Amino acid sequence: MSTAYTIDSFIGEVKGILAQDGPTEQGLRRIAEEMRVLAQHPELAGEEPSGNIHTGSQSRPLYQDDSGLILVRAMFGPEQMTPIHSHGSWGVIGVYKGRDQYQIWRRLDDGTGAGEAKVELVEERILEPGEAVILPPPPQDIHAQRGHDGKPTYEYVLFGANTMVLPRLYFDPHGESAEEILPGQR
């Protein structure tokens with residue numbers, strides 16, 4: 001008899017990968033594979049997050065520990081793209097409902113913080129339910145997203161650090177600048 005898949009099952013796999021590979025390129029690829037499995041289980045998300053769907057909203061954590069590892073649910077509305085931003089941590093996103101218009105941005109200058117910042121769009125694609133994407137470690141964890149097809153998208157997001165308290169960078173590609181803002185202040 002097989003046991004049911006749970007958030008704890010996912011976290012156990014993630015912790016095993018991190019113990020073996022750390023948050024290396026290989027480790028993050030392996031975690032993304034596990035995220036694809038989790039994304040096949042939307043029932044584990046519980047109640048859908050609500051809030052400011054224009055810029056994205058996160059729920060209370062589905063999992064969090066003292067190491068900073070945190071798993072949340074997020075929702076992004078279709079009305080407009082989120083600001084181009086970073087979270088200050090590596091992460092893995094898995095879509096469990098809806099489609100996500102997802103942009104990957106890259107920082108071109110030598111900076112890592114606020115102030116002058118040159119970024120360029122590297123890739124834009126539509127993430128389907130069951131797909132996962134890796135947010136690389138800072139300073140290249142830069143992205144923007146929104147729900148596609150006029151509908152919101154719902155996602156699981158795993159971060160290596162507690163992004164609910166870390167400052168984020170919001171980028172203005174035309175003004176070639178980045179502004180540091182704490183979560184909940186925008």
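Residues numbered from 1 in each chain as written. Predicted model: local features only at pLDDT ≥ 70, side-chain atom pairs only at ≥ 80, totals over all residues. Heavy atoms only, no water.

In this fold, Asp65 is placed in the loop between strand S2 (63–64) and strand S3 (70–76). A residue is classified by how much of its surface remains accessible, and Asp65, at 18% relative accessible area, is buried. (Helix = DSSP H or I, 4+ residues; strand = E, 2+ residues; numbered from the N terminus. Buried < 20%, exposed > 50% of the residue type's maximum accessible area, 1.4 Å probe, protein only.)

What follows covers the packing of aromatic side chains. Here the structure, examined in full by the defined rule, presents 2 aromatic pairs. Ring centres 6.3 Å apart and planes at 35 degrees place the aromatic pair Tyr96 and Tyr154 in the tilted group. Taken together, the residues span a long stretch of sequence, with Tyr96 in strand S5 (residues 91–97) and Tyr154 in strand S11 (residues 153–159) at a distance of 58 residues. For the pair Tyr96 and Tyr154, a shared accessibility class is recorded, and that class is buried. Geometrically, the ring pair formed by Tyr96 and Tyr156 is tilted, given 4.6 Å between the ring centres and 40 degrees between the ring planes. Separated by 60 residues along the polypeptide, Tyr96 in strand S5 and Tyr156 in strand S11 bring together distant segments of the chain. The pair Tyr96 / Tyr156 is uniform in exposure class, with both members buried. By way of ring pairs, the aromatic residues Tyr96, Tyr154 and Tyr156 are connected into one cluster. (Phe/Tyr/Trp six-rings, centres within 6.5 Å; stacked < 30°, edge-to-face > 60°.)

Turning our attention to unusual backbone geometry. In the segment running from Pro138 into Pro139, the intervening peptide bond is cis, with an omega of 10 degrees. Tracing the chain through its elements places Pro139 in the loop between strand S9 (132–135) and strand S10 (142–147). Notably, Asp149 is not glycine yet its phi reads approximately 65 degrees, a positive angle. Topologically, Asp149 is positioned in the loop between S10 and S11.

We now examine the confidence of the model for the chain. Here the chain averages 91 in pLDDT, and 91% of its residues register 70 or above. Throughout residues 51–55 the model reports pLDDT below 50, and contacts reaching past four residues in sequence, or to other chains, amount to 14 contacts. (pLDDT = per-residue confidence, 0-100. Contact = heavy atoms within 4.5 Å.)

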